[in-house]
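# Commentary on secondary and tertiary structure
So the chains spell out like this:
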Amino acid sequence: MQLFGGWELGLLTLMAILYVGGAVLNPAFFGTTDALQSLLRDSARYGVMAVGMTFVIANRDLDLSVGSTLGLIGVIFSKVFDPAALDMGVLAAILICLAAGTAIGGLNGLLVTLLRVPAFIATLTMLLIGRGVILGLTGGRSVNYPRKAAEYDWFFQIGETNAFGFNNQIIIVLLVVAIGAIVLGKTRWGYESLATGGNEMAARYAGIPTNWVRIRAYILSSLCATLAGLMTVAQDKGITSQAGLLTELIVIAAVIIGGASILGGRGRVLGSYVGAMLVALLHKV
């Protein structure tokens, strides 16, 4: 399977046209290099989440819970790390968040595969539960810890500009996209995902463990949302009760714009990332 094709080239051409249009309408912003860096930074979290969502949609499934997962992970990290709460270290907070993200994805997968709950209903339920837990833990207020964050520079630098003049989140999304593109396009894992989404019964007869393929896609999607949540707290040095709200719609739109089929069996990670950048650009133009 190709990693990059005509669809992605067309999206990049459209982005270039929109960017030029933005430069004409607002040269004070789009006419500077800051605009491009802002676009790449703002699309980084969408891009990370779009990688996991590509695997889910390629399986002919859907994950509406990623936005609330992002917010919930940010809240869990903040409650564990905040000196006014549990006051634990960054590493402990990260490990707890990874465990929580894995559990959310695994539960989504089990609901959809073993209990046969439609993906829309299962993940919408997780979205609503997640939002309720977020509001319950925060009381609708923000959680901030700028002083303690200064003690863990190695983690909170994720949200800062590096010595080369661009935000470190751009490096993270490029690494995640590169790994995701290779896994989906060039490995057995990717072939199994596309086969399951294209024709699940045929894939099962071919010896592919389709239930596990779908479960691991949900786990991957949830872990990508977990990473996006950690990127959020690293940048903001805190979290708001509205973090991740409606993000799932942006991520799904990015993947579909990037060429994935909602009917399954088709999708490319690079296309999804370009779709994420296009959605972020449309917000700016």
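Residues numbered from 1 in each chain as written. Predicted model: local features only at pLDDT ≥ 70, side-chain atom pairs only at ≥ 80, totals over all residues. Heavy atoms only, no water.

## A closer look at the pattern of salt bridges
- Summed over the entire model, instances satisfying the criterion amount to nine salt bridges.
- Where E160 meets K237, a salt bridge forms, and the shortest distance between an N and an O atom there is 2.6 Å. In this pair, E160 sits in the loop between α9 (153-156) and α10 (168-186) while K237 sits in the loop between α13 (210-236) and β2 (238-239), placing the two residues 77 residues apart along the sequence.
- Notably, a salt bridge pairs R204 with E200, separated by 3.1 Å at the nearest N-O pair. Highlighted residues: R204 and E200, both in helix α12 (residues 200-205), separated by four residues, approximately one helical turn. (Salt bridge = Lys/Arg side-chain N within 4 Å of Asp/Glu carboxyl O. Helix = DSSP H or I, 4+ residues; strand = E, 2+ residues; numbered from the N terminus.)

## Observations regarding α13
- With 27 residues, α13 should reach 39 Å at 1.5 Å per residue; the first-to-last C-alpha distance of 39 Å fits that figure.
- Counting buried positions along α13 gives 20 out of 27 residues, so the element sits mostly inside the fold. (Expected span 1.5 Å × (residues − 1). Buried < 20%, exposed > 50% of the residue type's maximum accessible area, 1.4 Å probe, protein only.)

## Describing unusual backbone geometry
- One non-glycine residue, R60, adopts positive backbone phi at about 65 degrees.
- Of note, R60 is situated in the loop between α4 (44-58) and α5 (66-81).
- For R60, a relative accessible area of 46% translates into the label partly exposed.

Geometric values such as these leave the question of function open.
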